[in-house]
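# Notes for the structure review
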2 protein chains.
Amino acid sequence: MQTLQEKASQWSGVDTADAFAIDDTNLFQKLGLQTFVNLSTNFYTRVYDDEEEEWFRSIFSNSKKEEAIQNQYEFFVQRMGGPPLYSQRKGHPALIGRHRPFPVTHQAAERWLYHMEKALESTPDIDADSRVKMMNFFRHTAFFLVAGDELKTQKQQIPCKHGASKPAES
Amino acid sequence: MQTLQEKASQWSGVDTADAFAIDDTNLFQKLGLQTFVNLSTNFYTRVYDDEEEEWFRSIFSNSKKEEAIQNQYEFFVQRMGGPPLYSQRKGHPALIGRHRPFPVTHQAAERWLYHMEKALESTPDIDADSRVKMMNFFRHTAFFLVAGDELKTQKQQIPCKHGASKPAES
């Protein structure tokens, strides 16, 4: 059976070494907090304005934009060499667990990445090398979450309340 | 609705400030890699030898001890100020997602913590201050995972294949 990590590499086309090249430099020290705030603001401004793909925007309709921005930049800061802002406020990032309410499909991953690529390009102070490293990390992680999302459809071994039938394996 | 973090604090009795006091010092720099390896080795040696609570030991019966040890110390190292060893090898820790196959009950959390407390006490070079900080973090995180485990039983809104009924919200 493929691991989450193997699926992530296969689907994203980004191998592990490239995905985690973000750890070769301390990107937080290099770019600074404000750059991460700007990046996430640019990203969610795009997402909440996504009129081309209404299904994608609707995934975020129950979340407040300001909160989404803070959650994201705090996680990025923590993951890319800065202080554990996210964990201190909200506990372990638990990326798969916290994405559980959302349909993290291949298509949703691609749309997320589309907006993130544009956001990276439109955020000043992110140099080309940092951009490539971050994009590889994001691409790999997006598909890691698609792999995590598929866990939801496994292990649905709960007896069905609507009928007398029992699940196949019991 | 309570957040995962709020449930973790309530059930563990450890507030957020105490849980994340591990971030006040760089415990990896203070204790060194070998201490973390020793701690996880002590912990899993206890767990795999747990004959008093067979149900607890059986949770780990499909996992190799050496692998469990490495997974754990790499995560601890990464979370407590060291290099992201876990993420580079296996991707995001995704604590809730990766614990999904296991029954992370209140009782299991307490047994895990029981062994961890003993393991901390029997690992040389872990001073009292570090031990308290780590134990608070572990206690909070264990109950964070109990809260995460309960997500599994929510959102069972999948159309029932056995009958014609549809889920409540559709």
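Attention here is on the structure that accompanies the text. Every value quoted in this text rests on a predicted model; they were computed, and no experiment measured them. (Residues numbered from 1 in each chain as written. Chains lettered and ligands numbered in written order. Predicted model: local features only at pLDDT ≥ 70, side-chain atom pairs only at ≥ 80, totals over all residues. Heavy atoms only, no water.)

Counting its regular elements, chain A contains ten helices and zero strands. Expressed along its principal axes, the backbone C-alpha trace of chain A runs to roughly 60 × 35 × 35 Å. Counting only contacts in chain A whose residues sit at least 6 apart along the sequence, the fraction spanning at least 24 positions is 72%. In the form shown here, chain A has an accessible surface area of approximately 8,500 Å², with 51% of it arising from carbon and sulfur atoms. (Helix = DSSP H or I, 4+ residues; strand = E, 2+ residues; numbered from the N terminus. Contact = heavy atoms within 4.5 Å. Areas by Shrake-Rupley, 256 points an atom, 1.4 Å probe, with all protein chains shown as cover.)

A separate point is the environment of B:P101. The residue B:P101 is located in the loop between α8 (95–98) and α9 (106–121) in this model. In this structure B:P101 comes out as exposed when scored by relative accessible area, which is 54%. (Buried < 20%, exposed > 50% of the residue type's maximum accessible area, 1.4 Å probe, protein only.)

Another point: the packing of aromatic side chains. Considering all chains together, one arrives at 28 aromatic pairs over all chains under this definition. On the numbers, 5.9 Å between centres and 75 degrees between planes, the contact of A:Y44 with A:F60 is edge-to-face. Of this pair, A:Y44 sits in helix α4 (residues 33–48) while A:F60 sits in the loop between α5 (54–59) and α6 (65–79), placing them 16 residues apart in sequence. A residue is classified by how much of its surface remains accessible, and A:Y44, at 9% relative accessible area, is buried. Residue A:F60 is classed as buried on the basis of its relative accessible area of 12%. Between the aromatic rings of B:Y44 and B:Y48, the centroid separation amounts to 6.0 Å while the plane-to-plane angle is 55 degrees, which identifies the pairing as tilted. Taken as a pair, B:Y44 and B:Y48 lie in helix α4 (residues 33–48) at a separation of four residues, close to a single helical turn. (Phe/Tyr/Trp six-rings, centres within 6.5 Å; stacked < 30°, edge-to-face > 60°.)

Here we come to unusual backbone geometry. Notably, A:A94 is not glycine yet its phi reads approximately 45 degrees, a positive angle. Here A:A94 falls in the buried class, since its relative accessible area comes to 0%.

Okay, the pattern of salt bridges next. One pass over the structure, following the stated rule, counts 22 salt bridges over all chains. The closest approach of N and O atoms between A:D149 and A:K152, which form a salt bridge, is 3.0 Å. The residues A:D149 and A:K152 share a single accessibility class, namely buried. Among the ionic pairs, B:K133 bridges to B:D129, the shortest N-O distance being 3.1 Å. One end of the pair, B:K133, and the other, B:D129, are both in helix α10 (residues 128–150), four residues apart, so they sit about a helical turn from each other. In this structure B:D129 comes out as partly exposed when scored by relative accessible area, which is 39%. (Salt bridge = Lys/Arg side-chain N within 4 Å of Asp/Glu carboxyl O.)

All names here are of chain A. Contact geometry for helix α1 (residues 4–12) and helix α10 (residues 128–150): axes closest at 8 Å, N-to-C directions at 125 degrees. Taken together, α1 and α10 sit at an angle that is classed as oblique. For the element pair α1 and α10, the recorded crossing hand is right-handed. In contact with L4, Q5, K7, A8, S9, W11 and S12 of α1, α10 contributes R139, H140, F143, F144, V146, A147, G148 and E150. The residue makeup of the contact of α1 with α10, split by class, is seven nonpolar, five polar and three charged. (Axes fitted to C-alpha atoms, helices over the stretch in contact; angles between N-to-C directions. Parallel < 35°, antiparallel > 145°, perpendicular 65-115°, else oblique. Left-handed = near helix turned anticlockwise from the far one by under 90°. Nonpolar A, V, L, I, M, F, W, Y, C, P; charged D, E, K, R; others polar.)

Attention now goes to α1(A). Listed as buried for α1(A) are A:L4, A:Q5, A:K7, A:A8, A:S9 and A:S12. Immediately downstream of α1(A), the backbone of A:G13 shows phi near 75 degrees, a positive value.

As a further point, take the side chain of B:S130. Residue and element names in this part refer to chain B. Relative to the assigned elements, S130 resides in helix α10. Its relative accessible area of 0% is what places S130 among the buried residues. In this structure the side chain of S130 is engaged in a polar contact, spanning 2.6 Å, whose partner is the side chain of D127. Beyond its immediate chain neighbours, meaning those up to four positions away, S130 contacts L27, K30 and L31. (Polar contact = N/O pair within 3.5 Å; in protein donor to acceptor, adjacent residues only side chain to side chain.)

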